[in-house]
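If you want the building blocks of each chain, they are given just below.
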Amino acid sequence: MSLKALPLASVRGRVFAALIDYGLYFACLIGYIYAFGVPDPEGGYQVTGLRAFPLILLWILLFPTVEGRLGRTFGKELFGLRVVGASGADVTFRQAFKRRVIDPFDFGGFGAQALIAAGNTSMRQRLGDLWAETCVVRTESVICPNCESRVTLEGEEVFSGQFRCPECGEDVSVHAN
């Protein structure tokens, strides 16, 4: 089975998830600037020198840490998406970090590069995904045929087509759409 068998995330879903994630980041950024910035001559606030370091550190570590540990950011969670590695396994911190290092290139020009790449690659990958060998997929929700409980499959479970039901403990085979 290849990654092509996975239920790929739509470009639209990825755009909305990114808007939520970056909206939250920029809200934190603005709050930090008002809390720790100094007034400038134009009536705004600015953060310079070492006070800017936490903002850079937040950008560098927040998204890769969350994606590396959970496989998804808050925006991806809301849209039922997750990042997986090329084998379908959970994304590693290193892969998540590589994805984010490319963000300035992907999202420069209002994200045109990311949209073009995701719209023209078979796996809907942006440049960061191509370099990190990752893909964004939909999480799948299925009903266990044994106990009828709803189970949300993780990356490897979607990829392998098998899962162990947390309610009844039975191994179940599924087929990706």
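Keep in mind that what you see is a predicted model, and the values were worked out from it rather than measured.

**Looking at the overall build of the protein chain**
So, step 1. Summing up its helical and strand segments, the protein chain has eight helices and eight strands in all.
So, step 2. With respect to the principal axes defined by its C-alpha atoms, the protein chain has extents near 65 × 35 × 25 Å.
So, step 3. In the protein chain, buried positions account for 40% of the 177 residues.
So, step 4. Across the protein chain, contacts joining residues at least 24 apart in sequence account for 58% of those joining residues at least 6 apart.
So, step 5. Summed over all atoms, the accessible surface of the protein chain reaches about 10200 Å², with 61% contributed by carbon and sulfur.

**Digging into the packing of helix H1 (residues 11–36) against helix H2 (residues 53–70)**
So, step 1. In contact at an axis separation of 11 Å, H1 and H2 are set at 155° when each is read in the N-to-C sense. Considering their axes alone, H1 and H2 lie roughly antiparallel with respect to each other. Crossing of H1 against H2: the hand is right-handed. Counting all contacts with H1, which are made through Asp21, Tyr22, Tyr25, Cys28, Leu29, Tyr32 and Ile33, the residues of H2 involved are Pro54, Leu55, Leu58, Trp59 and Phe63.
So, step 2. Of the residues in the contact of H1 with H2, the class split is 11 nonpolar, no polar and one charged.

**Remarks on the packing of aromatic side chains**
So, step 1. On inspection of all chains with the given rule, the structure shows eight aromatic pairs.
So, step 2. A ring pair is formed by Tyr34 and Tyr45, whose centres lie 4.9 Å apart and whose planes are at 70°; its orientation type is edge-to-face. Taken together, the residues span a long stretch of sequence, with Tyr34 in helix H1 and Tyr45 in strand E2 (residues 45–46) at a distance of 11 residues.
So, step 3. Residue Tyr34 is classed as exposed on the basis of its relative accessible area of 52%.
So, step 4. Each member of the aromatic cluster is reached from another via a ring pair, and the members are Tyr22, Tyr25, Phe26, Phe63 and Phe107.
So, step 5. Above the face of the Trp131 ring, Lys98 is positioned so that its terminal group lies 4.8 Å from the ring centre.
So, step 6. The ring centre of Phe63 lies 4.7 Å from the NZ or CZ of Arg100, which sits over that ring.

**With respect to the confidence of the model for the protein chain**
So, step 1. With 93% of its residues at a pLDDT of 70 or more, the protein chain has an overall mean of 86.
So, step 2. The weakest mean pLDDT in the protein chain belongs to helix H8 (residues 155–160) at 70; the strongest belongs to helix H7 (residues 127–132) at 95.

**Quick word on the side chain of Asp21**
So, step 1. By the element assignment, Asp21 lies in helix H1.
So, step 2. The buried charged residue Asp21 lacks any salt bridge partner; its closest oppositely charged side chain belongs to Lys76, at an N-O distance of 4.3 Å.
So, step 3. Residues in contact with Asp21, not counting those within four places in the same chain, are Phe63, Thr73, Phe74, Gly75 and Lys76.

**Observations regarding the packing of H2 against helix H4 (residues 93–101)**
When two helices pack together, their arrangement is given by the angle between the helix axes and the distance between those axes.
So, step 1. Taken N-terminus to C-terminus, the directions of H2 and H4 make an angle of 135°; their axes are 8 Å apart at the nearest point. By the angle between their axes, H2 is oblique relative to H4. Both H2 and H4 take part in a crossing whose hand is right-handed. Of H4, the residues touching H2 (which contributes Trp59, Ile60, Leu61, Phe63, Pro64, Thr65, Glu67 and Gly68) are Phe93, Ala96, Phe97, Arg99 and Arg100.
So, step 2. Class assignment of the residues belonging to the contact of H2 with H4 gives a composition of eight nonpolar, two polar and three charged.

**Section: the pairing of strand E6 (residues 150–153)**
So, step 1. Along E6, the buried face is formed by Val151 and Leu153; none of Arg150 and Thr152, which line the opposite face, is buried.
So, step 2. Judged from the four bridges that link them, strand E5 (residues 140–143) and E6 form a sheet pairing that is antiparallel. Across the sheet, residue Glu140 finds its bridge partner in E6, namely Leu153.
So, step 3. Hairpin connection from E5 to E6: six residues lie between these consecutive antiparallel strands, with Glu148 at a positive phi of about 65°.

The rules behind each value
Residues numbered from 1 in each chain as written. Predicted model: local features only at pLDDT ≥ 70, side-chain atom pairs only at ≥ 80, totals over all residues. Heavy atoms only, no water. Helix = DSSP H or I, 4+ residues; strand = E, 2+ residues; numbered from the N terminus. Buried < 20%, exposed > 50% of the residue type's maximum accessible area, 1.4 Å probe, protein only. Contact = heavy atoms within 4.5 Å. Areas by Shrake-Rupley, 256 points an atom, 1.4 Å probe, with all protein chains shown as cover. Axes fitted to C-alpha atoms, helices over the stretch in contact; angles between N-to-C directions. Parallel < 35°, antiparallel > 145°, perpendicular 65-115°, else oblique. Left-handed = near helix turned anticlockwise from the far one by under 90°. Nonpolar A, V, L, I, M, F, W, Y, C, P; charged D, E, K, R; others polar. Phe/Tyr/Trp six-rings, centres within 6.5 Å; stacked < 30°, edge-to-face > 60°. Lys NZ or Arg CZ within 6 Å of the ring centre and 35° of its normal. pLDDT = per-residue confidence, 0-100. Lys, Arg positive; Asp, Glu negative; His and termini not counted. Salt bridge = Lys/Arg side-chain N within 4 Å of Asp/Glu carboxyl O. Pairing = 2+ DSSP bridges.

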